[in-house]
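Per-entry structural report
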Amino acid sequence: MSGAAPAPDDLEGASAGTPAARLAAYVRGGGVVVPVLTAVLAFLAGGLVILVTGHDPFSTYKAIFDGSGLNWLLPWTSSADRPAAALNLQQTLLLTTPLILVGLAVAFAFRCGLFNIGGNGQYLVGVYASVWVGSSFAGMGKLPHILLAVLAGALAGAAWAAIAGVLKATVGAHEVITTIMLNYIALWIGAYLFQLGGPLQSDAQRSVPVSNDVVAGARLPVFWGDPQLQGLHVGIFVSLAALVVFWLVMNRSTIGYEVRAVGLNPEAARYGGMSVARNYALVMAVSGGFAGLAGAMDILGWEFRIATNDINTATQIGFYGIAVALLGRSTALGTGAAALLFGALLSGTSQRNLDPSIFEPELAANLTLIIQGLVILLVSADVIVLGLLRQGRRVVRRSDRGSPTHEVAR
Amino acid sequence: MEVPALELRGITKRFPGGVVANDGVDFDLRRGEIHALLGENGAGKSTLMNVLYGLYRPDAGEMRVDGHRVEITTPSQAIDLGIGMVHQHFMLVPVMTVAENIVLANEPRRGALFDARAASARVRELSERYGLAVDPDATVEDITVGMQQRVEILRALYRGARILVLDEPTAVLTAQEARELFEILESLKADGAAIVFISHKLGEVLEIADRITVLRRGRKVDTVPAEGATEASLARLMVGRDVLMQVEKSPATAAEPMLEVRDLHVRDDRGLEAVAGVSLEVRAGEIVALAGVDGNGQAELVDAITGLRRVESGQVLVGGRDLTGAGARETVRSGVSHIAEDRQRRGLVLGFTLAENLALREYNTPRLSRRGWLSTKRMARRAAALLREYDVRGGEPATLASALSGGNQQKCVVAREIAADPRVLIAAQPTRGLDVGAIEFVHRRLVAERDAGRAILLVSLELEEVRALADRILVVYEGRIAGEFAPDASEEELGLAMTGGRREAA
Amino acid sequence: MSTAVATARPTRTLSARQAGWAGIALGAVAWFIALPPALVRTPAPSLVLAAAAVGGGAWALRGGERRLGWGAIAAGVAGAAGAVAATHSGVGHLRDVVTWSALVAATLRYATPLTFGALGGIVCERSGVINIALEGMMLMGAFFGIFGADLTGSWELGLLVAMIAGGALALVHAFFAITLRADQIVSGTGLNLLALGVTGYVFLDHYGDQGTPDDIPRVPDVSLPGVKSIPFVGDAVGHTNLLTWIALLGVLALWVYLFRTPSGLRLRSVGESPRAAATVGIGVLRTRYLAVVASGVLAALGGAYLSIAFLGSFNQGMTAGRGFIALAAVIFGNWRPGGALAATLLFGFSSALAQRLPTFSESSAVLFQALPYVLTLIAVAGVIGRSRPPAAAGRPYVPE
């Protein structure tokens, strides 16, 4: 018995009631009140941090809001401020694009009761694949080249995550551990590929550890703003389409039906004739595909190249995805809204957008981390909040019927 | 007269929802005695002992240990009073050694360190004194279930227990292990220990006990000396003479065999043989009941037939087609429906709406989806029709299954399984935990489906239900068919076969 | 599981175990003799030794020792490859890279923070609480260690502040994981981001762009006068930081605690079967609280080593994933202090080697850094025998 892999039967039985599955179930409930409350609490706590360190939370948040460009949407913003606001809003939406996708990566896995903590690695391999395809094949037609580069990114992310999915399905290796390991392996692979003398290092700048530039023909078209100033590229539509596809697949397809059944009750899913193991492998692959797509959007939309020292700093995006998915309750609409919130927060606190005379951007970047950390932390425990809400409702319903002692939950 | 080691007077325990698990139960236990607590599942045996062990607070009644009135509110208090419990599900740490498990929380020390050698020695000494041979240094997960039980007994003794409660101790043992356990209990008894032996097996109770207290539906029926009692007299006390359930039905018109099981062998989760060569046949248009006490291989048999569990050897045929090892999906497709034993764990996805739950069997058939896309409209329409037809109350197609009461949840499961138009319907404890109205509904429906020509295998622990519904009764005992009976067989006859008693003639 | 299997095991596997260990040793020797100071310049002897190592591995596999067997085979293959590579490189280069005493010293330097983190991880997970927030706890230690040392002017107080900060973050983890029964992985992820934000914020707010000053009191090295003059040992461990010694002692202490004290026995029982522990009167929730806080304190020491012992400065996010490597070491070492130490030394050695390899080949050196993660991935995949976590890890306990 030592070291032998358990029979698939044991495996699937044991996975019933995994913490992730429980969370996935809870996270779906609660409506819009709990997430809004969670976000408000996190922002209040962030405000407190600003206050105790001797700054003014109101003007700081106002500056971040203006930095995000969301004031462009307000009718009373003066026409003098509008051009700057538009630039800022383009930045916000530029950042929202990958956040939606990595959020979906986490959300999709969550709905199947899996915790994909490997968004970083999947995003990175997506970046590597699409920067390679995008910087090669210079003679190709524009549309096929873009499609090929996008596809390469998504497939690379899918393959990377599928390693964790297959390990989960076959030997029951915990996806949290495997995806963390895959994150760091992806990171070092990147460091290897683009370092000086690395296989994919730039041909033009032999002394800089950076990739080749994505050729002009493979870049995503910019439709709002100046392409020279990081205008908004069409990737945002890809992300929005992904939200729609996610919603359709989740709620209208037999695949989504299976995924949700496995996530909520693997035992009942098995009893209904579904293969739990197959779903785990498939879901991880799709999930990684979303994250890889995020990488492709960034590289083909506005970054165009990746340097080895970006690879270290880029590695928070998978965790942002967790915050997005959790706050968005793993639903399509929620993920979109949460991605916009965090996209605004990220761009509003960036060097480029935040007014340094009010609050130092570098400090604000850490504020963003604090707020995101608090959001995740609070969501992890809103099992309790939800439990209380539900209990409250049950009591109300019972007293409505006028027989309060009749059916007390055990 | 000597003061009893333990005395329970008028213990009453009500659960929320109005269930009275114990109703004024009296029980007394002498030193050097083995006192059996006998009753069917749900008769209130375990509740009574959990009250004694401080896990439940009684609503009325008093307890005396050695003549002194006591209040027991936690297991630690019970332990301090010398009460030791051998749980049905062992409370052991599998990766630790026998000695570590026994001394846990009462460890011998040498300085600040745990004295493993002393622990080992103490355990060895204790095991020799009571004749419970165990290896103190073996790891618990590596030893047999019988050995693990000895570890539980030894732990109670190590903590100075003089009153020992064993909750269905033979349920997990082989015949040989049970024999060894009885020898151990005899020697403990000779040593002056007082032992409560909970069981629903007549034969072993007669063999081991000095006195027998029979519980039925939470009440004490009688306390009788083992001497002079017979399996038949005990079975009568245990089952009682309750009003029979009436289900109107005409004689069956059984046609060709629909479900055939041939010499099936299946292992349980622990790898032990749970189904040991079962052969049975269910014809179209009849209800065959599989009666038996819980844990005699019924669950594994049903899992094997429905493709959820691996078959060791033997065959399962549906409509003449071999489905052995075909898997759950293929079995479902071949026209086998399954009302699962545990509706919350298996039968329903509680976080799904009723429409989604009702689609669990057929979501990928043209009826509800096309080319991989669900038709929510058809799902909702169909759900609405089924909810109406099966009289499910308190929910619409969009209601979450978790919001329904147990009876209505079960109706949903029944509705889904029958709506799939199966040739074979397996109903595993279909009325467990339901109220009278819901029970009646399910019963009538099963008979109607029989009359519609389906082959129905009913697995039930309730003799009344079995007798009311079945056209033929198969009694299962220790993974084998212990006999076939007509529905008019007496409860005594059935009860005997179910509890391993000898059977005169079928 | 039958008794027959259990009783048959010892006699057969004893020799299989020996064969496995011998194989691993032979594989190492095969490589070793091709390096300085032995420097055998022909691969033949190494290849013979490597073949023997593979043979030992195969024997161990037949005896059912999967992890040892594959380990020996891997050691044999790696030894052969290493030896062939070494015999093909110049002697001068080899002498540059392979200075054993320097490699040992560097290995210890890299392993120290990982060891503290792994000790914290073991304590926490052995009690049944998954600790994915080790990274954050180390980071808290790294920043607040240097912050405390700077403010108080004393490294001792710096360490104390670090431990309090790590313990405080752990207390939050405990509150969410144990009392609120939150999903431990999700809350741990949140805490990591929170720690990153909090340390970064306070760091920038207090030190601004200048960074930490240069005159921070540092945890001293321990000079062993007697040892220093011994040729090899002196260079390797003669000048080793105090915290390194504490980490090594900590491994021993934790092993004694877990496996040789009543309290350790109880801690493990809580992590394996909390209900069984509760029925004999052990306070499950209390035990877990203490374990989680202790893990934060230990991890913080690892972080403090980075800032006030090793580098003498702090930069944002300076733990750079070391908490996750520590977690990997916990898993790779099968939740045992000795095993985790072996893992951290292996990971430390791979970092030390990676630092020196660029003399040969820039590119392969970088890939070397991924080794800990690849090995852990293989370990959890069960290819070389499965790592087995405490049975109740990650499951909140609900008292009756």
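Below, the discussion takes up the overall build of chain B. Helix and strand counts for chain B stand at 17 helices and 24 strands. Here chain B has a C-alpha radius of gyration of 25 Å; the compact-globule value for 506 residues is 23 Å, and the two agree. The principal-axis extents of the C-alpha atoms in chain B amount to approximately 75 × 50 × 45 Å. Counting across all 506 residues of chain B, residues that qualify as buried make up 51%.

All names here are of chain C. Interhelical geometry of helix 11 (residues 242-260) versus helix 16 (residues 337-356) gives an angle of 155° and a closest axis separation of 9 Å. The pairing of helix 11 with helix 16 is recorded here as roughly antiparallel in orientation. Along the contact surface, helix 11 presents Val251, Leu254 and Trp255, while helix 16 presents Pro337, Gly338 and Leu341. Per-class residue counts for the contact of helix 11 with helix 16 are five nonpolar, one polar and no charged.

This part covers the interface of chain A and chain C. Taken residue by residue, the interface counts 48 residues in chain A and 44 residues in chain C. Those elements giving two or more residues to the side of chain A that touches chain C turn out to be helix 2 (19-28), helix 7 (142-171), helix 8 (175-194), helix 14 (317-327), helix 16 (361-380) and helix 17 (382-401) of chain A. The element contributing the most residues to the side of chain A that touches chain C is helix 16 of chain A, with 13 residues. Class assignment of the residues belonging to the side of chain A that touches chain C gives a composition of 35 nonpolar, twelve polar and one charged.

Here helix 18 (residues 371-381) of chain C has its buried residues at Pro372, Tyr373, Thr376, Leu377, Ala379, Val380 and Ala381 of chain C. Looking at the packing, one finds that the buried side of helix 18 of chain C touches helix 7 and helix 8 of chain A together with helix 15 (322-332) and helix 16 of chain C.

What follows deals with the interface of chain B and chain A. Facing 26 residues of chain B, the contacting portion of chain A comprises 20 residues. Contributing elements (two or more residues each) for the side of chain B that touches chain A: helix 10 (328-333), helix 11 (343-347) and strand 20 (373-374) of chain B. The residue makeup of the side of chain B that touches chain A, split by class, is 13 nonpolar, seven polar and six charged.

As a general point, the strands of a sheet are linked pairwise by backbone hydrogen bonds and lie either parallel or antiparallel. All names here are of chain B. The four strands lie next to each other as 14-13-16-17, forming an open sheet whose pairing is antiparallel. If you trace the sheet from one side to the other, it starts and ends with strand 14 (273-283) and strand 17 (321-322), each paired once. Where strand 13 (residues 257-267) meets strand 16 (residues 313-318), five bridges bridge the pair, whose relative direction is antiparallel. Note that in strand 16 the partner of glutamate 260 across the bridge is leucine 317. The strands touched by helix 9 (residues 298-305) are strand 13, strand 14 and strand 16; relative to strand 13, the strand with the most contacts, the crossing angle is about 120°.

Next up on the list: the pairing of strand 10 (residues 194-199) of chain B. In the case of a regular strand, side chains alternate between the two sheet surfaces. All names here are of chain B. Most of strand 10 sits out of view: six of its six residues are buried. Side chains Ala194, Val196 and Ile198 of strand 10 all project onto a buried face; the interleaved residues Ile195, Phe197 and Ser199 project onto the opposite face, where all are buried too. The pairing of strand 3 (residues 33-38) with strand 10 spans six bridges and is classified as parallel. For glutamate 33, the partnering residue across the bridge sits in strand 10 and is alanine 194.

Phi angles above zero are rare outside glycine, and phenylalanine 137 of chain A is one such case at about 50°. You can see phenylalanine 137 of chain A is positioned in the loop between helix 6 (119-135) and helix 7.

On to the environment of leucine 425 of chain B. Residue and element names in this part refer to chain B. Its location among the elements puts leucine 425 in strand 21 (residues 424-428). With 90 residues separating them in the primary sequence, leucine 425 and glycine 335 have C-alpha atoms 8.4 Å apart. With residues near it in sequence (within four places) discarded, leucine 425 still touches Ser337, Glu417, Ile418, Glu449, Arg454 and Ile456.

Here is what the cut-offs are and how they apply
Residues numbered from 1 in each chain as written. Chains lettered and ligands numbered in written order. Predicted model: local features only at pLDDT ≥ 70, side-chain atom pairs only at ≥ 80, totals over all residues. Helix = DSSP H or I, 4+ residues; strand = E, 2+ residues; numbered from the N terminus. Rg over C-alpha atoms; globule rule 2.2 N^0.38 Å. Buried ≥ 20, exposed ≤ 12 C-beta atoms within 10 Å, placed from the backbone. Axes fitted to C-alpha atoms, helices over the stretch in contact; angles between N-to-C directions. Parallel < 35°, antiparallel > 145°, perpendicular 65-115°, else oblique. Contact = placed C-beta atoms within 7 Å. Nonpolar A, V, L, I, M, F, W, Y, C, P; charged D, E, K, R; others polar. Pairing = 2+ DSSP bridges.

Remember, this is a structural readout, not a statement about activity or role.
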